[in-house]
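In case you want the letters, here they are:
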Amino acid sequence: MHIIHLSSELSPAAKVGGLGDVVHSLSVALIKEGHNVEVILPKYDTFDYSLAKNLQVHYRNLLSYDGSTTYNNTIWSCQVDGISVLLVEPHHPSYFFSRGMIYGCPDDIDRFLYFTRASMEFIFKSGRKPDAIHLHDWPVAIAATLQKDMYSHLGLQIGGMLLTLHNIEHQGHCGVNQIARIGLDSEKYTTQESPKEVINLLERGIIDSTWITTVSATYLKEIMTLKGGHGLDLILKKHQSKIQGILNGIDYNYWNPKTDPYLSHHFNTPFESADHEIESVIKAKSANKKELQKRLGLRQRQVPLICCVTRLVHQKGPALIAKAIRRTLHHKGQFILLGSEGSNEMNKLFLSLQHEFAHTKDFSLILERNESLAHLTFAGSDMTIVPSLFEPCGLTQMIALRYASIPIVRKTGGLADTVFDISESKGRRNGFTFTEALDEMVDNVIDRAIGTYQKEKELWSELIENAVASDHSWGHSMHEYLSCYKNLRSITSKPVKKQKKKES
Ligand code: ADP
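Nothing here was measured: the structure is a model prediction, and the numbers come from that model.

## A word on the overall build of the protein
Here comes step 1: Assigned secondary structure in the protein consists of 17 helices and 17 strands.
Here comes step 2: For 504 residues, the compact-globule estimate of 2.2 N^0.38 gives 23 Å, and the protein sits close to it at 24 Å.
Here comes step 3: Judged by the C-alpha coordinates and their principal axes, the protein covers about 70 × 50 × 45 Å.
Here comes step 4: For the protein, with 504 residues in total, the buried portion stands at 59%.
Here comes step 5: Of the roughly 20,900 Å² of accessible surface on the protein, a fraction of 52% belongs to carbon and sulfur atoms.
Here comes step 6: Taking the average location of the 56 positive side-chain charges in the protein and that of its 55 negative ones, the two points are 2 Å from each other.

This is how it looks when you write it as structure tokens:
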């Protein structure tokens, strides 16, 4: 099959969060199965070009519209980790992708609208006829509308459009004049949910895509409720017959404690057979723990060590993280917070905790994104906490499971689908869960986790065994995506029922 991803991120060359990881790992898994995969991205100045092999001009003089003016674009091709990547470089006076960042510009809507239209133009002009165009989140969601109302009429033949909802918190609210600039008839797209002068790009993608996936089954249920829908619950319910949940995986080659280049003490997961493997995991983890404590200036003590590796944004439950730090230190345990992207105010909250507990040498705060430290932290910690307010899928808990750092999570989205509390059945339980985002619930779960670690060695070994046995490699999910791609053509070719009035 020929699959084209239209995306704003691709790990590790252009990564902000889990979306980039998914595009990368899914592409690698599909290529291994012999499929033809291309990823189209903006040519960011921040793209890590040291990872791009055979970077060269692939297509010159691609004209694309912005309002009534056409601009020239150059399409570059390269290989990143064996994936064919196409980079769109607009020769536009706004220098859309030379801003030193992927997201966060005041004109993000215009930047990604332009990128999406130019990408569709490229697919059309270059004669590609993919079986699937796979869209990721709001930045490129409007491609589904461009195909339905513009390119299909021009003769672009594709199997269909699959939209993946990684996180519906961000939707892309766009003015009618902005959408008109990429050639769409703005009047057509105002809906009951969108007030007259605002078009919601993600909502348009939901309406116009052939098929939709979200990144976990529980998140799918949550986003169809008033509480979790971020205003899109009604439109999602209306289109629920074309939505399914597919859990993300992690790249098992990259996240492999047996070969991880960032570790000095390797261990084998999942266990291949013998009983002594649990012993060797515990031994290697203990050596990693000592190294981690030394690197971060923590006291060298055999106490429970809990970590949190996260973006410090509202979604990740920063107040609950702060509570977990206090409770862990109350139990004379240790805590490592590796947190990136925090606002000044957020960072201040944790800096004041650091100040308060500096004398204990049991709390380490690192306010940056640090890949090598993240690997050692998962390998050297006993537990990883992910207390998110909402979490579409979450990769952190899957990495923690693979690195035998027992996850403590709030039961939401993909966390609920991958972590099972010790109160659940033998063989299934692999961590600790709590339901409400309340201080007392955090206290309770930390008490239970530390209590089990300290007093129930046998149960702890069972948790480790179950954790490392959970399979979150891409194999299974990749096959689910493949069957979605395969079904697109038959859905697209079904005759459309006549609609009585404008779709809303
Ligand atoms: P999200 O995409 O919302 O940030 P996920 O759990 O899906 O959350 O993915 C987070 C990824 O980013 C994981 O690979 C995690 O290890 C990594 N990560 C998060 N914060 C940091 C950090 N401060 N340093 C290094 N890696 C981080």
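More follows now that the structure is in view.
## Let's talk about the sheet that holds strand E1 (residues 2-6)
Here comes step 1: Read across the open sheet, the 9 strands follow the order E3-E4-E5-E2-E1-E6-E7-E10-E11; overall the sheet is mixed. Strand pairing shows two members of the sheet lacking a second neighbour, strand E3 (53-66) and strand E11 (243-245), which therefore form its edges. The average undirected angle you get between the axes of adjacent strands in this sheet is 25°.
Here comes step 2: Of the pairings in the sheet, the one linking strand E10 (residues 211-214) to E11 comprises 3 bridges and is parallel in character. If you follow Thr213 over to E11, its bridge partner there is Gln244.
Here comes step 3: In this fold helix H2 (residues 108-125) packs onto E1, strand E2 (36-42), E3, strand E4 (69-80), strand E5 (83-90), strand E6 (132-136) and strand E7 (161-165), with an angle of close to 105° to the strand it touches most, E3.
Here comes step 4: Sheet contacts for helix H17 (residues 475-493): E1, E6, E7, E10 and E11; angle to E7, the most-contacted strand, approximately 140°.

## Concerning the packing of helix H10 (residues 318-330) against helix H15 (residues 439-455)
Here comes step 1: Two elements in contact, H10 and H15, have axes whose closest approach is 9 Å; the angle formed by their N-to-C orientations is 45°. Judged by the angle between their axes, H10 and H15 are oblique. The interaxial crossing formed by H10 with H15 has right-handed handedness. Between H10, through Leu320, Lys323, Ala324, Arg327 and Thr328, and H15, the contact on the second element is made entirely by Asp439, Val442, Asp443, Ile446, Asp447 and Ile450.
Here comes step 2: Partitioning the contact of H10 with H15 into residue classes produces 5 nonpolar, 1 polar and 5 charged.

## Let's talk about the packing of aromatic side chains
Here comes step 1: Under the defined criterion, the tally for this structure stands at 19 aromatic pairs.
Here comes step 2: Measuring from centroid to centroid gives 5.7 Å for Tyr44 and Phe97, while their planes differ by 90°, and the two rings are edge-to-face. Residue Tyr44 is located in the loop between E2 and E3, and its partner Phe97 is located in the loop between E5 and H2; the two are separated by 53 residues in the primary sequence.
Here comes step 3: Using a relative accessible area of 1% as the deciding quantity, one classes Tyr44 as buried.
Here comes step 4: Of the residues examined, Phe97 reaches a relative accessible area of 2% and is grouped as buried.
Here comes step 5: Look at Phe96 and Tyr114: their rings are 5.4 Å apart centre to centre, the planes differ by 45°, and that puts the pair in the tilted class. Of this pair, Phe96 sits in the loop between E5 and H2 while Tyr114 sits in helix H2, and the two are 18 residues apart along the sequence.

## Some thoughts on the site of the ligand
Here comes step 1: Among the 21 residues in the neighbourhood of the ligand, the closest are listed as Gly18, Arg311, Lys316, Leu395 and Thr396.
Here comes step 2: Residue Gly18 places a main-chain N or O atom 2.6 Å away from an oxygen atom belonging to the ligand.
Here comes step 3: Within the backbone of Glu368, a nitrogen or oxygen atom sits 2.9 Å from a nitrogen atom of the ligand.
Here comes step 4: Secondary-structure elements contributing two or more residues to the shell around the ligand are helix H1 (18-32), strand E12 (305-311), strand E13 (334-340), helix H12 (371-380) and helix H13 (396-402).
Here comes step 5: Residues that form the shell around the ligand fall into these classes: 7 nonpolar, 8 polar and 6 charged.

## Considering the packing of H2 against helix H4 (residues 143-154)
For any two helices packed against each other, the geometry is given by the interaxial angle and the distance between the axes.
Here comes step 1: For the pair H2 and H4, the least separation of the axes is 11 Å and the interaxial angle reads 35°. Note on packing geometry: the crossing formed by H2 with H4 is right-handed. The segment H2 lies against H4, with Thr116, Arg117, Met120, Glu121 and Phe124 engaging Ala143, Leu146, Gln147, Met150, Tyr151 and Leu154.
Here comes step 2: Classifying every residue of the contact of H2 with H4 by side-chain character gives 7 nonpolar, 2 polar and 2 charged.

## So, empty space enclosed by the protein
Here comes step 1: For the structure shown, the criterion picks out 1 cavity of 30 Å³ or more.
Here comes step 2: Considered as a void within the structure, the largest cavity measures approximately 40 Å³ in volume.
Here comes step 3: Asp66, Asp110, Leu113, Tyr114, Gln178, Arg181 and Ile182 together form the lining of the largest cavity.
Here comes step 4: Elements supplying a minimum of two residues to the lining of the largest cavity: H2 and helix H5 (176-181).

## A closer look at H12
Here comes step 1: Summarising burial for H12: 8 of the 10 residues are buried, a large majority.
Here comes step 2: When H12 is considered as a whole, its buried residues turn out to be Leu373, Ala374, His375, Leu376, Thr377, Phe378, Ala379 and Gly380.

## Some thoughts on the pairing of E6
Here comes step 1: Among the 5 residues of E6, 5 are classified as buried, and the element is accordingly described as predominantly covered.
Here comes step 2: Of the two faces of E6, the one carrying Ala132, His134 and His136 and the one carrying Ile133 and Leu135 are both buried.
Here comes step 3: Alignment of E1 against E6, held across 4 bridges, turns out to be parallel. In the strand pairing of E6, Ile4 is matched with Ile133.
Here comes step 4: Both E6 and E7 contribute to a ladder of 4 bridges, which runs parallel. Each residue of the ladder has a partner; that of His136, found in E7, is Thr164.

## Some thoughts on the sheet that holds strand E16 (residues 406-410)
Here comes step 1: The sheet built from 6 strands is open, its strands ordered E14-E13-E12-E15-E16-E17 with parallel pairing. A strand with exactly one partner marks an edge of an open sheet, and here the two such strands are strand E14 (363-366) and strand E17 (432-434). In this sheet, adjacent strand axes meet at a mean angle of 15° when their direction is disregarded.
Here comes step 2: Sheet analysis places strand E15 (residues 383-386) next to E16, joined by 4 bridges and oriented parallel. Directly across from Val386, in E16, lies its bridge partner Val409.

Conventions used here
- Residues numbered from 1 in each chain as written.
- Predicted model: local features only at pLDDT ≥ 70, side-chain atom pairs only at ≥ 80, totals over all residues.
- Heavy atoms only, no water.
- Helix = DSSP H or I, 4+ residues; strand = E, 2+ residues; numbered from the N terminus.
- Rg over C-alpha atoms; globule rule 2.2 N^0.38 Å.
- Buried < 20%, exposed > 50% of the residue type's maximum accessible area, 1.4 Å probe, protein only.
- Areas by Shrake-Rupley, 256 points an atom, 1.4 Å probe, with all protein chains shown as cover.
- Lys, Arg positive; Asp, Glu negative; His and termini not counted.
- Charge placed at Lys NZ, Arg CZ, Asp CG, Glu CD.
- Pairing = 2+ DSSP bridges.
- Axes fitted to C-alpha atoms, helices over the stretch in contact; angles between N-to-C directions.
- Contact = heavy atoms within 4.5 Å.
- Parallel < 35°, antiparallel > 145°, perpendicular 65-115°, else oblique.
- Left-handed = near helix turned anticlockwise from the far one by under 90°.
- Nonpolar A, V, L, I, M, F, W, Y, C, P; charged D, E, K, R; others polar.
- Phe/Tyr/Trp six-rings, centres within 6.5 Å; stacked < 30°, edge-to-face > 60°.
- Near = heavy atom within 4 Å.
- Polar contact = N/O pair within 3.5 Å; in protein donor to acceptor, adjacent residues only side chain to side chain.
- 1 Å grid on protein atoms, 1.4 Å probe; cavity = no way out; pocket = protein on both sides within 12 Å on 5 of 7 lines; lining within 4 Å.
- Points joined across faces, edges and corners; volume = space filled by probe spheres on them.

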